[in-house]
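# Descriptive analysis of the structure
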Amino acid sequence: MNLQFISYKFPDPVISVSACFAAIVFFQPAVFAAKSAQEIAQYANTITVQVNRPAGVGAGLASDGSGFIIKREGNTYIVLTCNHVINPSDGPKPVRIRTNDGLSHNINPTSVKSLGTNTKGSNDLALFTFNSDKDYAVAELRSPNQAKLGSKAFIFGYPVNNDLNRIAENRVYDFQSGTIWESKDASLSDGGYSLQYAAQTAGGMSGGPVLDVDAKVIGVHGKADTQTDVKQLQSGDQLTTDIKSGISAAVPIESAIILSQQIGIYGLKIDNSTTTDNPKERITNPQDPNDFLARGLSQTSNNRTAAINDFSQAIALDPKNSIAYYNRGNARYDMGDKQGALADYNEAIRSNPYHANAYYNRGVVRYYLGDKQGAIADFTVALRFSPNDILAYYSRGSVFRTMRDGRGTFADFDQVVRLAPHLPESYYNRALARAFFNDRQGIVADFTQAIALNPRFSNAYINRSLTMRRLGHLPAAIQDLNTVLSYEPNNAIAIYQRGLFRRDAGDRQGAFADLQRAADLFQQARDTANYQKAMYAIQRLQSSPPTFPPSQPNYRQPGGEITPGSINQPI
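Below is a summary of the structure that appears in this document.

This part covers the overall build of the chain. For the chain, the count of helices and strands is 19 helices and 16 strands. Residue burial in the chain is summarised as follows: out of 571 residues, 56% are buried. Taken as a whole, the chain presents about 23,100 Å² of accessible surface, with 49% of it coming from carbon and sulfur.

Structure follows, in structure tokens:
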């Protein structure tokens, strides 16, 4: 398992704006000393809004986010946020916002405009409007992007805490300072999240502003260390997910400016002056925990020992720094020191009992150290803080599966399907869970859906063929294997299984050919266990006279050999 130190559609018309716009407003204020953190927080509070779920929707049933005002036209305000905030993949969409004066305002439903999605080559951004005759501050945006390794970053937003019922309007703002450790080409990042920084953020802060030392907005925060990359989802019944990185990330504000212009929104307040920050000195001679954290994170891919030393320096300066313990635990895990990682995750949780990813990562480590009950307990806590965490459901379900807990396995993989219905692996894993209850019709239905989403999902065809055989549908079972072999002609498991099914169909010659070919492929791959199974099947076939002529296939339950691709075994 490789540890990766990385972040951690609209039916309505586009925003209605007037036809007459001035050119983009650039201004170059006089150069002043960097603002204090308190001054930046006070300013961020005036431009940031809560983006809230519909009234009456309880904890865990919807998502909340943040956003900030980027333009005013009369009594209409334009708010910038993340697309995943205003267009969530599940649950009801937000319908109202709350400004810093405590007033709630309805989102104009026809104004919502997606600027992209959380995918490679796109930007996870969106705009919407609300109306008010109150005077609210408008954000000042810094362009061009001057953020680099060591630049200070300040993140403002409204985190969700389901455990404390801090949802919707009950949320209180959070202001975090951090240090940027990577700024790369936005086109190389999923969702455009190319500004990455060490800061303790949480779900609900997505869409909030990221500001520099001069209180200018440099990014749109959107990836908190509690969020999940669904691409990590695997198929099968082994716990194969990665430890979570715990890094926060933002889409550079330049991307938002360009995309806004493309839909006719000009007149934004853009500051193109030079920042007063001095990131080079900060990284060369780090003085505070965030600086050591940023330098450590920048070294995790090429010098983990140096990274661990920097994380340790951050801890020496701040013994309760949850992020430093967390990232040192990640580095130790990646170096194979699971006991050291466990100790650091324990300290991260002791310093911050609401650090959902620390519970998740500790759960993974506990699993590999043989403490399955401890792993389940940690994944359960992580889900209490992040109820829509796909990987937490997947990993807990995987542990339940290794413990032969059918109910727990099915319940968790059923949630994975709910949260990621577009992924074929979701249905594949739920099909495996149904095997505990011998729900063959349900198994076939889930494998069929997985195949519909991925017509070359070989393991789904192979396992569906076994289930079809057990249901007595021998021709359909063989056809599934034929499909796999049409595009993957050397799939030894498919060939082996087809050999067994041909035997049952009375085609002894075809069975011999398939079983011998499968044995040869297993031998070439040095797969001793499956080679021996194939040879045993050949020996049985040679020593047994045909019980059924070709015109009378054996539709009874298969017996004898267990196929390498059995639904109750890892593939």
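The subject of this paragraph is the pattern of salt bridges. Counting across every chain of the model gives 33 salt bridges. Across the pair Lys216 and Asp271 runs a salt bridge, and its minimum N-O distance is 3.7 Å. Residue Lys216 is found in the loop between β13 (209-211) and β14 (217-223), and its partner Asp271 is found in strand β16 (residues 269-271); the two are separated by 55 residues along the sequence. Here Lys216 and Asp271 have matching classes, each one buried.

Structurally, Leu391 is set in helix α11 (residues 390-402). For the pair Leu391 and Tyr360, spaced 31 residues apart in the sequence, the C-alpha separation amounts to 8.9 Å.

The biggest cluster of nonpolar side chains holds 51 residues, and the ones touching the most others in it are Leu293 and Tyr360. Contributions of two or more residues to this core are made by α5 (289-298), α6 (304-317), α7 (322-334), α8 (338-351), α9 (356-368), α10 (372-385), α11 and α12 (406-419). Leu293 has contacts with Ala198, Phe311, Ala314, Asn321, Ile323, Ala324 and Asn327, leaving out every residue within four places of it along the chain. With 49 residues, the next largest nonpolar core counts Ala126, Tyr136, Leu211 and Ile265 among its residues.

What follows deals with the environment of Ala511. Tracing the backbone through its elements, the reader meets Ala511 in helix α18 (residues 508-524). Sequence separation between Ala511 and Ile538 is 27 residues, and the spatial gap between their C-alpha atoms is 8.6 Å. Ignoring anything within four residues of it in the chain, the contact list for Ala511 reads Gly499, Arg502, Arg503 and Leu541.

Tracing the sequence through the fold places Leu515 in helix α18. Taking relative accessible area as the criterion, Leu515 reaches 1% and is therefore assigned buried. In sequence terms Leu515 and Arg502 are 13 residues apart; their C-alpha atoms lie 9.9 Å from each other. Residues contacting Leu515, with those up to four places away along its chain left out, are Tyr496, Gly499, Leu500, Ala534, Ala537, Ile538 and Leu541.

Overall, antiparallel pairing links the seven strands, which are arranged β6-β5-β2-β3-β4-β8-β7 in an open sheet. Looking along the sheet, the strands with just one partner apiece sit at the ends: β6 (104-106) and β7 (113-114). With five bridges connecting them, strand β3 (residues 65-73) and strand β4 (residues 76-81) associate as antiparallel partners. By the bridge assignment, Glu73 is partnered in β4 with Thr76. Helix α1 (residues 37-47) contacts β2 (48-52) and β3 of the sheet and is inclined by roughly 50° relative to β2.

Our next topic: the packing of aromatic side chains. Tallying each qualifying case throughout the model produces 17 aromatic pairs. Between the aromatic rings of Phe156 and Tyr158, the centroid separation amounts to 6.1 Å while the plane-to-plane angle is 85°, which identifies the pairing as edge-to-face. For the pair formed by Phe156 and Tyr158, the shared burial category is buried. Seen from their ring centres, Tyr367 and Tyr368 are 5.2 Å apart, and the 75° between their planes marks the pair as edge-to-face. A relative accessible area of 14% places Tyr367 in the buried class. Among the aromatic side chains, those forming a connected cluster through ring pairs are Phe154, Phe156, Tyr158, Tyr173 and Phe175. Looking at Lys338, its charged tip hangs above the ring of Tyr333, at a distance of 5.4 Å from the centre.

Attention now goes to the packing of α8 against α9. Orientation of α8 relative to α9, taken along the N-to-C sense of each, is 150°, at an axis distance of 9 Å. Comparing the axis directions of α8 and α9 gives the class roughly antiparallel. Seen along the crossing, α8 lies across α9 with a hand that is left-handed. Residues Lys338, Ala341, Leu342, Tyr345, Asn346, Ala348 and Ile349 of α8 touch α9, and the partners they reach there are Ala358, Tyr359, Asn361, Arg362, Val365, Arg366 and Tyr368. Looking at side-chain class alone, the contact of α8 with α9 contains nine nonpolar, two polar and three charged residues.

Here we come to the side chain of Thr99. By the element assignment, Thr99 lies in the loop between β5 (96-98) and β6. Among the residues examined, Thr99 registers a relative accessible area of 4% and is labelled buried. Separated by 2.6 Å, the side chains of Thr99 and Asp101 make a polar contact. With residues up to four places along the chain from it excluded, the contact list for Thr99 reads Val49, His105, Phe130 and Tyr136.

Moving on to the pairing of β14. Counting buried positions over the seven residues of β14 gives seven, a clear majority of the element. Pairing geometry for β13 and β14, over three bridges, is antiparallel. Paired with Val210 across the bridge in β14 is Gly219. Where β13 folds back onto β14 in an antiparallel hairpin, the turn is made up of five residues, including Ala215, whose phi is positive at roughly 65°.

Rules and cut-offs
Residues numbered from 1 in each chain as written. Predicted model: local features only at pLDDT ≥ 70, side-chain atom pairs only at ≥ 80, totals over all residues. Heavy atoms only, no water. Helix = DSSP H or I, 4+ residues; strand = E, 2+ residues; numbered from the N terminus. Buried < 20%, exposed > 50% of the residue type's maximum accessible area, 1.4 Å probe, protein only. Areas by Shrake-Rupley, 256 points an atom, 1.4 Å probe, with all protein chains shown as cover. Salt bridge = Lys/Arg side-chain N within 4 Å of Asp/Glu carboxyl O. Core = buried A, V, L, I, M, F, W, Y, C linked by side-chain atoms within 4.5 Å. Contact = heavy atoms within 4.5 Å. Pairing = 2+ DSSP bridges. Axes fitted to C-alpha atoms, helices over the stretch in contact; angles between N-to-C directions. Phe/Tyr/Trp six-rings, centres within 6.5 Å; stacked < 30°, edge-to-face > 60°. Lys NZ or Arg CZ within 6 Å of the ring centre and 35° of its normal. Parallel < 35°, antiparallel > 145°, perpendicular 65-115°, else oblique. Left-handed = near helix turned anticlockwise from the far one by under 90°. Nonpolar A, V, L, I, M, F, W, Y, C, P; charged D, E, K, R; others polar. Polar contact = N/O pair within 3.5 Å; in protein donor to acceptor, adjacent residues only side chain to side chain.

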